[in-house]
Amino acid sequence: MEYLDFELPIKELEEQYKTCALVGEESGVDVRESCRQIEDKIISEKKRIYENLTPWQRVRLSRHPNRPYSLDYIYHITNNTFIELHGDRSFGDDKAMVGGFGSLDGQTVMFIGQQKGKNTKERQYRRFGMPNPEGYRKALRLMKLAEKFNKPIVTFMDTPGAYPGLEAEERGQGQAIAQNIYEMLLLKVPVICIVIGEGASGGAFGIGIGNKVFMLENTWYSVISPESCSSILWRSWDYKEVAANALKLTPQDMLEQKLIDGIIAEPLGGAHYDPVTTYRSVRNQIKDSLKELSKMSGETLMNHRQDKFLEMGVFKG
């Protein structure tokens, strides 16, 4: 387990617990009471830290290298029935964007998500979860395929942004994202979008137009990252914490502004502490939402989605 700087008190206590347990095992002395006291301290310290996270600390937690990624959720939610589909039928297959059909309690669902890597080699292979235009075009192709066969769509957003390279601009990055937003507003099947990590700018929004939009508890969703905001406003990354506060990017901020439909709770400490419980929570939220949305006709679903996003930011006197 890797620890962030504000988690170091927990690391020290967990090391004490391991030492205590090892001493008892090697010496044969009953140290259960001592270990229990340390365990209680660990729980107490976790509550103190994680129930009082600053926006910047939540951003850092959303990037924790041990957090589950899109494919982790998809494989567990579908009980490994997921069949990945590849390519945009125009240029190539973007490894930063994954998608395909999977079964959720006997119901076929199209799952699409941005995929980061778990080690250096895989991060380079997945381009750190930053899709190229062909990634968004692949996602749109799969959405249209789901609509053709009247299957619901679930998307997982987790990206620091669309890939900013020269080749991405040459192949129409902005146009690809805009096209996705336009086409997603017209889909006549249920669409559920979930931020599972970083929800940065158009990179996330390109697969984020849903009838239901949720965020996991320790994630963020904003037009720009705190570092980039700080760099633009102050010409330095030193004010990233100030920017994180000002951007109102936490799930609580987004829910208060009525930009999302709900927050999915994570285990104490974050999704990486207990991934199985997190998968179960996400799965249950998807099932509940599909049950609600399945009562709507295709036309109603389309109008519901359009009304939902057109109302955002509109002042009503």
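So, here's what we can say about the structure.

One can find H64 in the loop between helix 3 (55-62) and helix 4 (70-77). Within polar-contact distance, the side chain of H64 engages the backbone oxygen of E2 at 2.7 Å. Apart from residues lying up to four places away in sequence, H64 is in contact with M1, E2, L4, E7, Y69 and H272.

Let's shift gears to the packing of helix 1 (residues 8-27) against helix 2 (residues 32-50). Interaxial distance between helix 1 and helix 2 falls to 9 Å at its minimum, and their mutual angle equals 165 degrees. The angle between helix 1 and helix 2 places the two elements in the roughly antiparallel class. Note on packing geometry: the crossing formed by helix 1 with helix 2 is left-handed. Contacts between helix 1 and helix 2 involve P9, I10, L13, E14, Q16, Y17, C20 and A21 from the former and S34, C35, I38, E39, K41, I42, E45, K46, R48, I49 and Y50 from the latter.

Another aspect to go through is the pairing of strand 3 (residues 107-114). In terms of burial, strand 3 is largely enclosed, as six of its eight residues are buried. The sheet contact formed by strand 2 (residues 97-104) and strand 3 spans eight bridges and is antiparallel. The residue of strand 3 that forms the bridge with V98 is G113. With antiparallel pairing between neighbouring strands as the criterion, strand 2 and strand 3 make up a hairpin whose turn holds two residues, including D105 at a positive phi of roughly 55 degrees. Taken together, the four bridges between strand 3 and strand 4 (residues 153-159) define a ladder with parallel strand orientation. Pairing of I112 across the sheet is with T155, part of strand 4.

This paragraph deals with the packing of helix 10 (residues 226-234) against helix 11 (residues 240-247). Where helix 10 meets helix 11, the axes come as close as 8 Å, and the angle between the chain directions of the two elements is 105 degrees. Overall, the two elements helix 10 and helix 11 adopt an arrangement that is roughly perpendicular. Two secondary-structure elements touch here, helix 10 through P226, E227, C229, S230 and W234 and helix 11 through K240, V242, A243, A244 and L247.

A separate point is the pattern of salt bridges. For the coordinates displayed, the defined rule picks out 23 salt bridges. Notably, a salt bridge pairs D261 with K308, separated by 2.5 Å at the nearest N-O pair. In this pair, D261 is assigned in the loop between helix 12 (251-256) and strand 8 (262-264) and K308 in helix 14 (residues 298-310), connecting sequence segments 47 residues apart. According to the relative accessible area criterion, K308 is buried, its value standing at 16%. Put simply, R63, K116, D158, E198 and E227 are held in one network by salt bridges that share partners.

Judged by side-chain polarity, I232, L233, W234, Y239 and V242 come together as a nonpolar surface patch covering roughly 490 Å² of accessible area. With three residues, the single largest contributor to the nonpolar patch is helix 10. Take Y239: it is sitting in the loop between helix 10 and helix 11.

As a further point, take the nonpolar core. One finds M110, I112, M143, I153, M157 and Y221 to be the most contacted residues of the largest nonpolar core, which totals 29 residues. Put simply, the parts of the chain that give this core at least two residues each are strand 2, strand 3, helix 6 (133-148), strand 4, helix 8 (173-184), strand 5 (191-200) and strand 6 (212-216). Examining the composition of this core, we find that five residues originate from one element, helix 6, more than from any other. If we ignore the near neighbours within four places in the chain, the residues touching I153 are M110, I112, M143, A146, L187, V189, P190, V191 and I192.

Turning next to the pairing of strand 5. The element strand 5 is extensively covered by neighbouring structure, given that 10 of its 10 residues are classed as buried. Taken together, the six bridges between strand 4 and strand 5 define a ladder with parallel strand orientation. When the sheet's bridge partners are listed, T159 is paired in strand 5 with G199.

This brings us to the side chain of T155. Relative to the helices and strands, T155 is located in strand 4. A distance of 2.7 Å separates a polar atom in the side chain of T155 from the backbone oxygen of I207. Discounting residues that sit within four places of it in the chain, T155 has contacts with I112, M143, I192, C193, I194 and I207.

Here helix 10 has its buried residues at P226, E227, C229 and S230. Taken down its axis, helix 10 places every buried residue within 160 degrees of arc, on the same side. Check the buried side of helix 10 and you find it contacts helix 3 and helix 11. Where helix 10 terminates, the next one or two residues include R235, which has phi positive at roughly 55 degrees.

We note that S201 has phi near 55 degrees; this positive angle belongs to a residue other than glycine. Using a relative accessible area of 33% as the deciding quantity, one classes S201 as partly exposed. Not every positive phi belongs to a glycine, and R235 is a case in point at roughly 55 degrees.

Parameters at a glance
- Residues numbered from 1 in each chain as written.
- Predicted model: local features only at pLDDT ≥ 70, side-chain atom pairs only at ≥ 80, totals over all residues.
- Heavy atoms only, no water.
- Helix = DSSP H or I, 4+ residues; strand = E, 2+ residues; numbered from the N terminus.
- Polar contact = N/O pair within 3.5 Å; in protein donor to acceptor, adjacent residues only side chain to side chain.
- Contact = heavy atoms within 4.5 Å.
- Axes fitted to C-alpha atoms, helices over the stretch in contact; angles between N-to-C directions.
- Parallel < 35°, antiparallel > 145°, perpendicular 65-115°, else oblique.
- Left-handed = near helix turned anticlockwise from the far one by under 90°.
- Buried < 20%, exposed > 50% of the residue type's maximum accessible area, 1.4 Å probe, protein only.
- Pairing = 2+ DSSP bridges.
- Salt bridge = Lys/Arg side-chain N within 4 Å of Asp/Glu carboxyl O.
- Patch = residues over 30% accessible without salt bridge, like charges linked within 9 Å, V, L, I, M, F, W, Y side chains within 5 Å.
- Areas by Shrake-Rupley, 256 points an atom, 1.4 Å probe, with all protein chains shown as cover.
- Core = buried A, V, L, I, M, F, W, Y, C linked by side-chain atoms within 4.5 Å.
- Arc of directions from axis to C-beta.

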